[in-house]
Amino acid sequence: MNKVVGLLGGVIWAQNLFTLSGYVQDAKNREPLVGAKVIISERGTGVFTNSYGYYALRLPGGEYKVVAQFLGYRSETLTVSLRKDFRHDFLLKEEGLELGTVEIVETYEQRRFESAALSQNRIEVQQLKKMPALFGEVDVLRSLSFLPGVSTAGDGSASFFVRGGSFDQNLVLLDEAVVYNPGHIGGIFSAFNSDALQDAQLYKGYMPPEYGGRLSSTLDVRLREGNSPRWQATGGIGAISSRLSVEGPLVKDRAGILLTGRRSYADLFLLFSRDPELRQTSLYFYDLTAKLNYRAGEKHRFYVSGYFGRDVFRNSFLDFSWGNATTTFRWNFIPSPRLFVNTLWYYSKYDYAFLVEEGRNQARFSSGIEDFGWRSDGDYYLSERMKLRFGVSLVHHTFLPGILEPTSDTSNLRPYRVPSLRGVEASIYLQTGYKWGNRWLVEGGLRWAGFGLLGPAALYVFTEERTIQDTLLYSSGRLIDAWGGVEPRVSIRYALSDRWALKGATGRVQQFLHVATLSPVGLPTDIWWPTTLNVRRQDGYQVAVALQGTPRWKGHSWDISWELFYRWMLNVLDFRSGADIFLNPQLERDLVQGRGWAYGGEWMIQKLTGNLTGWLSYTYSRSFRHIPAIVPNPFPNYIDRPHQLNLVLQYALGTQWDIGLTGMYATGRPITLPVAKFIYDGQIVAVYNERNNRRMPDYHRVDISVTWKPRRREGRRWHSSWNFCLYNVYGRRNMWALRLRQDENNPNIQRAYNLYLFRWVPSITYNFTFQ
């Protein structure tokens, strides 16, 4: 009888479930390792850490061998007797810190292969620093153009385009706050200081339900936490800019801080110009990033982060500045080992202003957009095979189309303000995933998103001839109208073998914010505009299938992918010819909408291990628009580039030298050129028949960089490296713009001139670390 009771008691005890949880962190600087894998060897299961380095596993009681792994780190093994909820934080050490055999654990590509996700890429900051960079500035945004399915407008533009979408259809987040203009100096540089970044994740096809608000993609950029147990500094001194980062503990094991700053000084070289006008010109940018973290026990962690960046351009007749500012307050709360909650409040603002002078008239024009947002997300671990993720968000937008303010007493101008608009954007989502057997995995969920337009506002009713028929006035705080809908997302994976898998995904996304711009490539002077009674929300759908593999060949790990996609978009925005967007209260009169679609295939092969690493990718993609109010027939979108070929190679020559090489080829962008001309009142007037009826010459270039790291001395805290880079090795004159001018000898003839920005651009940067 006692044996029976004991047996039953053992069975009952074995069915009790307990939670193993904790964080996986870098042992050296206490930074969370996002996407690290925690494996239960006896059960063949595991879980990845979330965006904050937290993991949880729901397991039956028993003895387990637990292994924590992350690329570039030594795995750590824990033996645990699980008879109650147990917490353990893994501290992983980087390779090479200790003698002994280094175990190469799975890469990010392997983790992506094992999930149902497709159309995703992660940008590793350490890898990014080895790539050739324009003027020696490491650039997250520019590196995106080397990924399949992503293109740029060319040299001098930070705008990027994903699978046939426009630049305003990309959501860019910095520590979960929206950044509306992620470029410096008109896009030549990224707005993000690489020394402050932890990593960046690009979702270009299937977007998890937690993301939304833009049709094409989400770029989620995360700042480092600043958890270093001792003070350290990193920085770099370049030809046209320098940067400095400092981090360290404020209270041991409880509070830490990260501070970074960057400033360009290219305009100092203009002082040596022979042109007096250039000597009086100022052109520079600066940005500051800060993050404070505080650990209040095991269940609460608080973070405050901020970013402020500004660009300045001044000469004798123009004073122009623009920039972003963001602030995020984040609270991580663990109510129980199975539930992780992240709540944040954020502020984001983008604005620009310029001073103009004409005779006695001096005035300042400004425009921008301002957000106050709140969101809360939770991870609930149901079992070792299933996790729920859910959340809710609310954002208040203030749109500032334009303000004109006289700045001199002698000015004849009067103050003028285009009425601002306000709106509230809300969303709620639920997502999960489940694995059937060893082959099938399904991930997905539902997201509801909506937008409400608020008063005070003066909205116009237009006739078919686009004249004002009526003016509708709404009082402050009144809900004028609201739009919303459900956005289903689903992704499926079928494992063909341990090394190959088929995937498919589909989903819907709504976009309630639009950009009014006269340049398709994006400018600092763009005006953000909400969905209104006259401007409908944009609606996007996408279907994608993929074959992914992680084979091993000749002792090295490879990642191979082939994706096909088709996406269609409703109510895409454009302007009538001759539209005026500045100080125009009837801006909506010139806005027109239509439909768009894009399709294509993306191929990528990547070598992950060995001294030589890198990838080769090819994209075939087409993008079209049909906006009957402009032209009756469909036309190629301005970023329609059928062929794009990218090459990225990195070679470690011993422990002191790294060589990087990148190459790019892309079909020229479409442009609109006149098909005829006539002379009126002594002036040549161009005649156009179709939108985007010609193409620029094809774009191609090769860049190379060499990094030298002096041999490290034992016990020395100062480490340094030199980076030498040559951008555009063979001096290709890639067209930036095309200008038509009258021939000086024959006024009846117009000639085309190729405007380009950069040919050979050498640079040298000194990087240092003190720790």
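Residues numbered from 1 in each chain as written. Predicted model: local features only at pLDDT ≥ 70, side-chain atom pairs only at ≥ 80, totals over all residues. Heavy atoms only, no water.

So, the overall build of the protein
This is how it is decided: Strands here are runs of E lasting at least two residues and helices are runs of H or I lasting at least four, both read from the DSSP assignment and numbered beginning at the N terminus. Within these notes, the globule rule equals 2.2 Å times the number of residues to the 0.38 power, and the radius of gyration is based on C-alpha atoms. Think of it in three bands: with a 1.4 Å probe and only protein chains considered, a residue is buried below 20% of the maximum accessible area for its type, exposed above 50%, and partly exposed in between. Contact between two residues is taken to exist if any of their heavy atoms lie within 4.5 Å; hydrogens are not considered. Here the Shrake-Rupley method, with its probe set to 1.4 Å, supplies the accessible areas, and only the displayed protein chains count as covering residues. In this tally Asp and Glu are treated as negative and Lys and Arg as positive; neither His nor the chain ends contributes. One atom stands in for each charge, and that atom is NZ of Lys, CZ of Arg, CG of Asp or CD of Glu.
For the protein, the count of helices and strands is five helices and 52 strands. Taking 2.2 N^0.38 as the reference for a compact globule, 771 residues should give roughly 28 Å; the C-alpha atoms of the protein span a radius of gyration of 28 Å, in line with that estimate. By its C-alpha atoms, the protein is 110 × 60 × 55 Å across when sized along the principal axes. Out of the 771 residues belonging to the protein, those deemed buried represent 55%. Counting contacts in the protein only where the partners sit at least 6 residues apart, residues at least 24 apart contribute 65% of the total. Taken as a whole, the protein presents about 34200 Å² of accessible surface, with 58% of it coming from carbon and sulfur. When the 89 basic and 71 acidic side-chain charges of the protein are each reduced to a single mean position, those positions are 5 Å apart.

Here's the deal with unusual backbone geometry
For the peptide bond that leads from Gly-455 to Pro-456, omega is 5°, which places it in the cis range. As for its placement among the helices and strands, Pro-456 is situated in the loop between strand E29 (440-454) and strand E30 (457-462). Backbone geometry places Asn-571, a non-glycine residue, at a positive phi of 65°. You can see Asn-571 is positioned in strand E38 (residues 556-575). Exposure remark for Asn-571: the relative accessible area of 18% places this residue in the buried category. Notably, Leu-583 is not glycine yet its phi reads approximately 50°, a positive angle. With respect to the helices and strands, the residue Leu-583 is situated in the loop between E38 and strand E39 (591-607). Given the relative accessible area of 26%, Leu-583 is considered partly exposed.

Description of the pairing of strand E6 (residues 76-82)
We count it as follows: In this scheme, strands are said to pair when DSSP sees at least two bridges between them.
Pairing of strand E5 (residues 62-69) with E6, which is carried by seven bridges, proceeds in the antiparallel orientation. Opposite Tyr-64, over in E6, you have Val-80 as the bridge partner. Hairpin connection between E5 and E6: a loop of six residues separates the two successive antiparallel strands, and Gly-72 in this loop has a positive phi of roughly 85°.

Some points on the sheet that holds strand E9 (residues 120-124)
Reading across the sheet, the five strands line up as E9-E16-E17-E12-E13 and stay open at both edges, with mixed pairing between neighbours. Looking at which strands have only one partner, the edges of the open sheet turn out to be E9 and strand E13 (177-178). Of the pairings in the sheet, the one linking strand E16 (residues 197-203) to strand E17 (residues 217-223) comprises six bridges and is antiparallel in character. Across the sheet, the residue bridging to Leu-197 is Leu-223, located in E17.

Overview of the sheet that holds strand E2 (residues 37-40)
Adjacent strands of a sheet pair through backbone hydrogen bonds, lying either parallel or antiparallel. Here is the rule we go by: Only the stretch in contact is used when fitting a helix axis, every axis being a line fitted to C-alpha atoms; angles between N-to-C directions are given from 0 to 180 degrees.
Ordered in space as E3-E2-E5-E6, the four strands form an open sheet in which the pairing is antiparallel. Of all the strands in the sheet, the pair left with one neighbour each is strand E3 (45-48) and E6. Within this sheet the neighbouring strands show an average axis-to-axis angle of 20°, counted without direction. Sheet topology note: the E2/E3 ladder contains four bridges and is antiparallel. Its bridge partner lying in E3, Val-38 is registered against Val-47.

So, a nonpolar patch on the surface
The condition is simple: Residues enter patches when they are more than 30% accessible in relative terms and free of salt bridges; like-charged ones are connected within 9 Å and nonpolar ones (Val, Leu, Ile, Met, Phe, Trp, Tyr) within 5 Å. The salt bridge definition used is simple: a Lys or Arg side-chain nitrogen within 4 Å of an Asp or Glu carboxyl oxygen.
A cluster of nonpolar side chains, contributed by Leu-612, Leu-649, Tyr-651, Leu-653, Trp-657, Ile-659, Ile-704, Val-729 and Tyr-730, occupies part of the molecular surface with about 710 Å² of accessible area. The element contributing the most residues to the nonpolar patch is strand E42 (residues 643-653), with three residues.

Topic: the confidence of the model for the protein
Put simply, the rule reads: pLDDT measures the predictor's confidence residue by residue and takes values from 0 up to 100.
Per-chain confidence: the protein averages 85 in pLDDT, with 90% of residues scoring 70 or above. Here residues 1-14 scores under 50 on pLDDT; set against residues more than four positions off or in separate chains, the count is six contacts. In this model, residues 96-106 is a region of pLDDT below 50 whose contacts with residues beyond four sequence positions or in other chains number 26 contacts.

Some words on the pattern of salt bridges
Applying the stated rule across the entire model yields 29 salt bridges. One salt bridge in this structure joins Glu-31 and Arg-224, with 3.9 Å as the shortest N-O distance. Residue Glu-31 is located in the loop between strand E1 (17-26) and E2, and its partner Arg-224 is located in the loop between E17 and strand E18 (232-237); the two are separated by 193 residues in the primary sequence. Here Arg-224 falls in the buried class, since its relative accessible area comes to 13%. Ionic pairing is found between Asp-175 and Lys-291, a salt bridge with its closest N-O pair at 3.0 Å. Linking Asp-175 in the loop between strand E12 (170-174) and E13 with Lys-291 in strand E21 (residues 282-296), this pair joins segments that are 116 residues apart in sequence. Given the relative accessible area of 2%, Asp-175 is considered buried. One connected set of salt bridges, linked through shared partners, spans Arg-163, Lys-204, Glu-563 and Glu-602.

With respect to the packing of aromatic side chains
So the rule is basically this: Working definition: a ring pair exists when centres of Phe, Tyr or Trp rings (six-membered ring for Trp) sit within 6.5 Å. Plane angles under 30 degrees give stacked, over 60 give edge-to-face, the rest tilted. Each ring is checked for a lysine NZ or an arginine CZ that lies within 6 Å of its centre and within 35 degrees of its normal; such an atom marks a charge sitting over the ring.
A complete count under the given rule lists 39 aromatic pairs for this structure. By the ring-pair criterion, three or more aromatic residues cluster together here, those being Phe-320, Trp-322, Tyr-350, Tyr-352, Phe-354, Phe-365 and Phe-582. The residue whose ring lies beneath Arg-301 is Tyr-23, and the NZ or CZ to ring-centre distance is 3.9 Å. Positioned above the aromatic ring of Tyr-303 is the side chain of Arg-330, whose terminal nitrogen or guanidinium carbon lies 4.2 Å from the ring centre.

Considering a positive patch on the surface
A contiguous patch of positive charge on the surface is contributed by Lys-28, Arg-230, Arg-712 and Arg-717. Topologically, Arg-230 is positioned in the loop between E17 and E18.

Let's talk about the pairing of strand E19 (residues 241-251)
Bridge analysis of E18 against E19 gives six bridges, and the strand direction is antiparallel. The residue bridging Gly-236 from the neighbouring strand is Arg-243, located in E19. As consecutive antiparallel partners, E18 and E19 are separated by three residues. In this structure, E19 lies alongside strand E20 (residues 255-264), joined through 10 bridges in antiparallel fashion. Counterpart to Pro-249 in the pairing with E20 is Gly-256. Between E19 and the antiparallel strand that follows it, E20, lie three residues; Asp-253 among them carries a positive phi value of about 65°.

Side note on the side chain of Arg-301
Counting through the fold element by element, Arg-301 comes out in strand E22 (residues 300-314). Buried charge Arg-301 goes without a salt bridge, the closest partner of opposite sign being Asp-89 at 4.6 Å. Residues in contact with Arg-301, not counting those within four places in the same chain, are Tyr-23, Gln-25, Arg-87, Tyr-294, Arg-295, Arg-330, Trp-331 and Asn-332.

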